[in-house]
Amino acid sequence: MKNKYGGTYRMAIIQSPLSLDPAHAADTSSSRIVYQLFETLVDVDSDGEVISNLAKEWDISDNGLVYTFKLRQGVKFHSAIGEGIITENGGREVTAKDWVWTFKHIIDPDTNSERAYFLDMIKGYADYREGETEALEGVVAKDEYTLEIVLDHPFAPFITMLAYNTFSVIPREDVEMWGQDFGFNPVGTGPFRFSEWIQDDRVVLTRNEDYWRKDEEGNSLPYLNGMEFRTINDLTMQWTEFGLGNLEAIESVDDPYYHEALEKYPDSFLRKPQMGTYFYGMNVTAKPFDNKKVRQAINYAIDRQGIIDRLRNGRATPAKGVLPPGMFGYNPDLEGYTYDPQKARKLLAEAGYPDGIEITLQYNTDDIHKRIAEAFQQQMKDAGIEVKLRHMDGAALFEAMGKGEATFFRLGWVVDYPDPDNFLHVLLNSANFGPLGNFTLYKNDEFDRLTNEARVESDPEERRKMYQEAEKIVVEEAPWLFVYHYTTEQLLQPYVKDYSLPPFGEHNAIFYSVWLDK
Amino acid sequence: MTNYVFRRLLAVIPVIVGVIAVVFILTSIVPGDPARLMVGQRGDPATIQKLREDLGLNRPLWQQFIDFFKGVVTLDLGRSYRTRMPVIQAIAERLPITARLALASMALAVTSGVTLGMVAALKQNSMLDYGSMIAALIGISAPSFWVGIMLVVLFCVQLRWIPGTGTGDGSWIYLVLPALTLGMRPAALIARLTRSGMLEVLGQDYIRTARSKGLTEKAVIIGHALKNAMIPVITVVGTGMAEMLGGAIVVEKLFSLPGVGRLGIEAILNRDFAIIRGQVLFMALIFVVTNLLVDLSYPLFDPRIKYGRTWRRE
């Protein structure tokens, strides 16, 4: 057997997790730990394809309304957590009834899960949510190991969406016993079980000895004895701790150390395009952004590659449109905006601003955002655009956006599930104004039609065409300044083996097959 | 003395009420909706509304204020908006590390500061005096985050004497660098105060009398001069300890220490009003108690100070 058992995988996280209850793990710090403790029906592989997880196989009806899942047998909940605390469920097997209860629990208004609304296409969602029924009509246990989910209308990304960490199976007994404190005493089915959480310091997980998954040779998984997630807010300190050998991995190498990391760790500094986009949104109902030519001018006035090369060490891909490379529907032939300050000036003049314009960019306080904003401010001068910069914390920025006071603002988006719906429909469809995702208040009837129809279209090629068509519209109308697509990274100690970077962010990484060669 | 203590403790109540009132007013006018933040960048309006109801944010401010004080009486300050952990538990879990850091830092500051100040006073206008005061000036002026980083580079990276940052295995060695960083400024301040206090006292008649009575120089310096120079130092130690116990934000963040300071800064950034209010209450109590202890310690250093109906020096 080539892989070694043993060792604790210690990694740094920049923020302390908020909750280890999947129903409330809406932030990436929490979700990266939740993915080790809990499991969903399906998963997404490193190429973004849906693969089986706790559902062995599934069938989707021809009309796209009925999803039938055959569950894996022999999957058990954790029998103990912490220092030998026996769980209420006692380590019993997961059955279809547990999934029925889990979905009900997520949608239950008393739970008030931050991501319950992702499931609003499930039959009976509204009635159950409003207390008109006691059961969730659309989620049924057909037998002990067969789960059926019925939708009100077809939703093509549904199966992909089920890989999201909130939709992990949980044991009713333990949730009911712990109540609000379940997030501090999580019980799941994952390869690791909860051991300890010292707030703002570390979360410690230990190996689940009863984990169902085996490697190719039939050996039990995981290989690791445990995992430790250490909260280290400062990137310089993360780099220092990694260099001292106190960590097996860090996710973010700050720009000053980037080249040193590449030199010292050429084979274990992993990088790949991430399904995320960094952009500046423009409120299309506020002057001067209500004029398409002004928005286009701004897009022509930015040197994306220059910003990436000089400020990000080349660690990003210039954005031609909304969808990042690697995502289904990404169009490599899309004609985006080139760097052309003269064309920008011409467009401004055509828009009625021959002498240029003055705009204010608001961004949340952060060193990288500041550097990019300052570079952007300099570049805009060549196009006759005077940019004032205003930074504030995230809470204040959201409020300003919500009130319409911030009409030009920085945002970024990394997918919740790897489907173009989670970009184009969520962030730009007019049904999602405001906190639902469309902060630019962009509205285009043809774009809405295409993105609405793509949600219910079952033919992948038809969907691809619709999304590419929709993206062309939004690029032409430019409610965003498309800046760049993210790169996801992981710096590992050379003895860490079989780690694979997930497609839509390191927070989705799984560790049941990782081992330490030391 | 008992009356004095009782009256001082009674005076805490209006102070606490006033401080909390100010916090309520400030948190109500600062931009940012905690319920909005809890759902992340994208959230369902119905969920946000329900969160506001669950957190009581839709109730009038005066009602939230009264509910808060009802909670103070029953020792239930509610739960953190972000983590849903009980506020008292959230503070209590972080207090030990902050307390250890504060005690270690102040112990270092007092021993080094008093020593340096005393030496500077006794060797006034010598190279030792000038050197000590220049060191004190640097100590007061140098930013703590820079000092901390330099210490990490030297002791962790170059010399490998300290294994790393954070709490490690809980051993004392992980507190050395944070304590040095945090204690540097109070040490510098204490050194300057000790020097000036000693110089003033050493010129007094009773010191000349003590020497002429044949007391050893050590007894004169330690037993008389230093003791009488300590009043301003004790005041600085007291307020310094109170500040540290409220959370040394920069040092805790730099060294990844899970203390009260980091809890507070995250609460502010995320508009976790429950934690903010609980932490302000805690800090107000700390300041009041520390100030009281400092005042009560004065008679130990200056027997002329007595507490009766009024504080007086006889």
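What comes next concerns the included structure. (Residues numbered from 1 in each chain as written. Chains lettered and ligands numbered in written order. Predicted model: local features only at pLDDT ≥ 70, side-chain atom pairs only at ≥ 80, totals over all residues.)

1. Digging into the packing of helix 6 (residues 235-243) of chain A against helix 8 (residues 144-158) of chain B
The geometry of a pair of packed helices is captured by two quantities: the angle between their axes and the separation between those axes.
Part 1 of the argument: It is at 11 Å that the axes of helix 6 of chain A and helix 8 of chain B come closest, and there the two elements cross at 5°. Classed by the angle they form, the pair helix 6 of chain A and helix 8 of chain B counts as roughly parallel. Note on element contacts: helix 8 of chain B touches helix 6 of chain A through B:I149, B:V152, B:C156 and B:V157, opposite A:T236, A:T240 and A:G243.
Part 2 of the argument: Of the residues in the contact of helix 6 of chain A with helix 8 of chain B, the class split is four nonpolar, three polar and no charged. (Axes fitted to C-alpha atoms, helices over the stretch in contact; angles between N-to-C directions. Helix = DSSP H or I, 4+ residues; strand = E, 2+ residues; numbered from the N terminus. Parallel < 35°, antiparallel > 145°, perpendicular 65-115°, else oblique. Contact = placed C-beta atoms within 7 Å. Nonpolar A, V, L, I, M, F, W, Y, C, P; charged D, E, K, R; others polar.)

2. Focus: the pairing of strand 1 (residues 8-13) of chain A
All names here are of chain A.
Part 1 of the argument: In terms of burial, strand 1 is a largely internal element, five of the six residues being buried.
Part 2 of the argument: Pairing of strand 1 with strand 12 (residues 226-231), which is carried by six bridges, proceeds in the parallel orientation. In the strand pairing of strand 12, R10 is matched with E228. (Buried ≥ 20, exposed ≤ 12 C-beta atoms within 10 Å, placed from the backbone. Pairing = 2+ DSSP bridges.)

3. A short note on the interface of chain A and chain B
Part 1 of the argument: Listed by partner, the interface residues are 38 residues for chain A and 41 residues for chain B.
Part 2 of the argument: Split by residue class, the side of chain A that touches chain B holds 17 nonpolar, 12 polar and nine charged.

4. A word on helix 13 (residues 421-428) of chain A
Part 1 of the argument: Of all the eight residues making up helix 13 of chain A, eight are buried; the element is thus mostly covered by neighbouring parts of the structure.
Part 2 of the argument: Within helix 13 of chain A, the full set of buried residues consists of A:D421, A:N422, A:F423, A:L424, A:H425, A:V426, A:L427 and A:L428.

5. Some details on unusual backbone geometry
Part 1 of the argument: Cis geometry marks the peptide bond from A:L221 to A:P222; its omega dihedral reads 0°.
Part 2 of the argument: Positionally, A:P222 belongs in the loop between strand 11 (202-207) and strand 12.
Part 3 of the argument: Unlike most non-glycine residues, A:A478 shows phi in positive territory, near 50°.
Part 4 of the argument: The residue B:L75 is not glycine, and still its phi comes out positive at about 55°.
Part 5 of the argument: Structurally, B:L75 can be placed in the loop between helix 5 (61-73) and helix 6 (87-122).

6. Here's the deal with the packing of helix 2 (residues 12-29) of chain B against helix 5 of chain B
Residues and elements named next belong to chain B.
Part 1 of the argument: Axis separation between helix 2 and helix 5 bottoms out at 11 Å; the angle between their running directions is 140°. Classified by the interaxial angle, the pair formed by helix 2 and helix 5 is oblique. Crossing geometry of helix 2 relative to helix 5 is assigned as right-handed. In this structure, helix 2 contributes I20, A21, F24 and S28 to the contact, and helix 5 contributes L61, F65 and F68.
Part 2 of the argument: In terms of residue class, the contact of helix 2 with helix 5 is made up of six nonpolar, one polar and no charged. (Left-handed = near helix turned anticlockwise from the far one by under 90°.)

7. Some remarks on the environment of B:R84
Part 1 of the argument: Relative to the helices and strands, B:R84 resides in the loop between helix 5 and helix 6.
Part 2 of the argument: Sequence spacing of B:R84 and B:V176 is 92 residues, and the spatial spacing of their C-alpha atoms is 33 Å.
Part 3 of the argument: If sequence neighbours within four positions are ignored, B:R84 has contacts with A:S19, A:Q180, A:G183 and B:R79.

8. Examining the sheet that holds strand 4 (residues 55-60) of chain A
Residues and elements named next belong to chain A.
Part 1 of the argument: The strand order 4-5-9-8 describes an open sheet built from four strands, whose pairing is antiparallel. Two strands lie at the open edges of the sheet, namely strand 4 and strand 8 (139-143), each paired on one side alone. Averaged over all pairs of adjacent strands, the angle between strand axes in this sheet comes to 25°, irrespective of strand direction.
Part 2 of the argument: Examined bridge by bridge, strand 8 and strand 9 (residues 146-150) share four bridges and lie antiparallel to one another. Bridging from a neighbouring strand, D143 pairs with T146 of strand 9.
Part 3 of the argument: Sitting on the sheet, helix 2 (residues 96-107) touches strand 5 (66-71), strand 8 and strand 9, and the angle it makes with strand 8 is about 175°.

By themselves, these figures tell us nothing about what the structure is for.
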